[in-house]
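These are the residues of each chain, in order.
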Amino acid sequence: MQACTSINVFFDSQFQASVQEQMRRTADGGFRHVDMNFWDWSHSENSPFKQPDWRRWVEGIGAAAQRMGLTFMQAHAHVYNFYAYEPDNPHEEQIRRSIEGSGMLGIPWVVLHPSQRPDWEQAGSLDRMIEENAAYFRGLAAYAQQFGVGLALENMSAAKSGLTTASQLCRLIEAVGMPNVGACWDTGHAHLAGQDQSASLRELSGRLHALHIADNHGQADDHMPPFFGGIDWPPILLALREIGYDGDFTFEAHSLVRRMPAACQAEAIRLLYQIGAHMVEEAGKW
């Protein structure tokens, strides 16, 4: 396990800074393992990810990573709630590009969100939601296999909408029944949903392949680093060691850097790396 971060810490929604510039600034902060956030690049029609030659853009990212000594360990795909759209909607193309792009970059696990039924609290709705998500991800996992990519399904944050607990994620993964489908645990989402995180991580043992590490105060998904919110971190680190977690300690904590004045961002990314390195070292002491 190494300290890792999404390169979205330096994402520029106006596309004035290239993805290579994001990578360079992240590397300057000390990170050598990184997460490719396709989600950021999948909205604006001006994004290079949405152009016909998008594969060339991904190839450029891979070449830059080699030059900088960076390794992409996981990715965040484009995501949407399929209950809100008709089949064959434009979101599917961005998800498939995220998966193929991950394969091009040698990324073993790409994170995706399950979809949540608006009526999930009605009798039988949770079972239907798991079955419908399983059917969807079964097809997507078969597509991902040709690129050597696994799907890591993420716990959601809204406690009243389902698919927020480790047990529900396990049910979904088992229902998919594909070897390249596992879990991503988002600590910020879990805190918002009131989950026992150490118990949840132990329940996910053998299925957990990606993390989104973020802190908050239980009111909003603030995407702050550990120790900036209310999460109790030592039990989480102990649980990760006990289950033999095989991925990286990956931050989705971009608010620390993005909220800083430009003159302070270099120090902010170094602080984020130091926090990650410290927590990985602490996890190894037990």
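These lines cover the structure that appears in this document, whether it is placed above or below. (Residues numbered from 1 in each chain as written. Predicted model: local features only at pLDDT ≥ 70, side-chain atom pairs only at ≥ 80, totals over all residues. Heavy atoms only, no water.)

We now examine the side chain of Q195. Tracing the backbone through its elements, the reader meets Q195 in the loop between α6 (187-192) and α7 (197-203). Of the polar contacts made by the side chain of Q195, one reaches the backbone oxygen of A193; its length is 3.1 Å. (Helix = DSSP H or I, 4+ residues; strand = E, 2+ residues; numbered from the N terminus. Polar contact = N/O pair within 3.5 Å; in protein donor to acceptor, adjacent residues only side chain to side chain.)

For T164, the position within the fold is in the loop between β5 (150-154) and α5 (166-176). In this structure T164 comes out as buried when scored by relative accessible area, which is 3%. Sequence separation between T164 and L105 is 59 residues, and the spatial gap between their C-alpha atoms is 29 Å. (Buried < 20%, exposed > 50% of the residue type's maximum accessible area, 1.4 Å probe, protein only.)

By size, the foremost hydrophobic cluster in this structure holds 82 residues, and its most contacted members are M36, F72, L151 and L208. Among the elements that line this core, the one with the most residues is helix α4 (residues 125-145), at nine residues. F72 has contacts with I7, M23, V34, D35, M36, I61, A65, L105, G106, I107 and P108, leaving out every residue within four places of it along the chain. (Core = buried A, V, L, I, M, F, W, Y, C linked by side-chain atoms within 4.5 Å. Contact = heavy atoms within 4.5 Å.)

Here we come to the packing of aromatic side chains. The full count for this structure, using the stated rule, is 12 aromatic pairs. Between F31 and F251, the aromatic rings sit 6.5 Å apart at their centres with planes inclined by 90°, giving edge-to-face as the arrangement. Placement of the pair is F31 in the loop between α1 (19-28) and β2 (33-37) and F251 in strand β8 (residues 249-251), with a sequence separation of 220 residues. When its relative accessible area of 0% is taken as the criterion, F31 is described as buried. (Phe/Tyr/Trp six-rings, centres within 6.5 Å; stacked < 30°, edge-to-face > 60°.)

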